[in-house]
Amino acid sequence: MEKIEYQKDVEFEEICKQFEPMIYGLIRRWNLGSDKEDYIQTARIALYEAWMRHDGELGAFPAYAKSYVYGRIQQSLEKKERWQTNNVPIEPMQMGEACPGMVFNEEEFVILYDWLERTGLTAREQDWVREALFHGHKPQEIADKFDVSVTTVKTWRKTALKKLREKRAELFR
């Protein structure tokens, strides 16, 4: 195989062909068979970026390219791991049970109302939670019931959700 000069006037396709074994080697190294095509694409994009950014005076391109591609694949793996950690798939039946207005028996209402009392929300924020989340009412319906504007109901929602998210964050630290 002829030695290719790593200059910007060389076609990237030639660079890509020459570094293809390195890309496949990195993918094998991390055992990425399930999403192989995605990681190949990530590696090619990283190779292109390395090719465009490389300064010949700083060192040899092959070492720079390998380090750059390696780092980009590692970033992609970490991003995927974070996503999988933060997002848990839920069975369709469980999702249906979690939807507003899906509480069927008195015992569940008692548990939810008890939980609501311990959340630290204001009375109006609790009203929004009861009406919107427990009973599935829309902001207009809630506004009519409490004789306030829809904007006011949306403010209750905003502050209630902010407080509930903060509570959730505290629980999972």
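Here, the structure is the one placed above.
Parameters and conventions
- Residues numbered from 1 in each chain as written.
- Predicted model: local features only at pLDDT ≥ 70, side-chain atom pairs only at ≥ 80, totals over all residues.
- Heavy atoms only, no water.
- Core = buried A, V, L, I, M, F, W, Y, C linked by side-chain atoms within 4.5 Å.
- Buried < 20%, exposed > 50% of the residue type's maximum accessible area, 1.4 Å probe, protein only.
- Helix = DSSP H or I, 4+ residues; strand = E, 2+ residues; numbered from the N terminus.
- Phe/Tyr/Trp six-rings, centres within 6.5 Å; stacked < 30°, edge-to-face > 60°.

A. Expanded view of the nonpolar core. Core analysis: the biggest nonpolar cluster contains 22 residues, and Ile15, Phe19, Leu47, Phe61, Val69 and Ile73 have the highest contact counts within it. Mapped by element, the contributors of at least two residues to this core are helix 1 (12-29), helix 2 (36-53) and helix 3 (61-86). The greatest single-element share of this core, amounting to eight residues, is contributed by helix 1. By size, the runner-up hydrophobic cluster in this structure holds 12 residues, among which are Phe134, Trp156, Ala160 and Leu164.

B. Region of interest: the packing of aromatic side chains. Applying the stated criterion to the full structure yields seven aromatic pairs. Judged by centre distance (5.4 Å) and plane angle (45 degrees), the rings of Phe12 and Trp51 are tilted. Here the residue Phe12 occupies a position in helix 1, and Trp51 occupies one in helix 2, the gap between them amounting to 39 residues. As far as burial versus exposure is concerned, Phe12 and Trp51 are alike and both buried. Judged by centre distance (4.8 Å) and plane angle (40 degrees), the rings of Trp30 and Tyr70 are tilted. Residue Trp30 is found in the loop between helix 1 and helix 2, and its partner Tyr70 is found in helix 3; the two are separated by 40 residues along the sequence.

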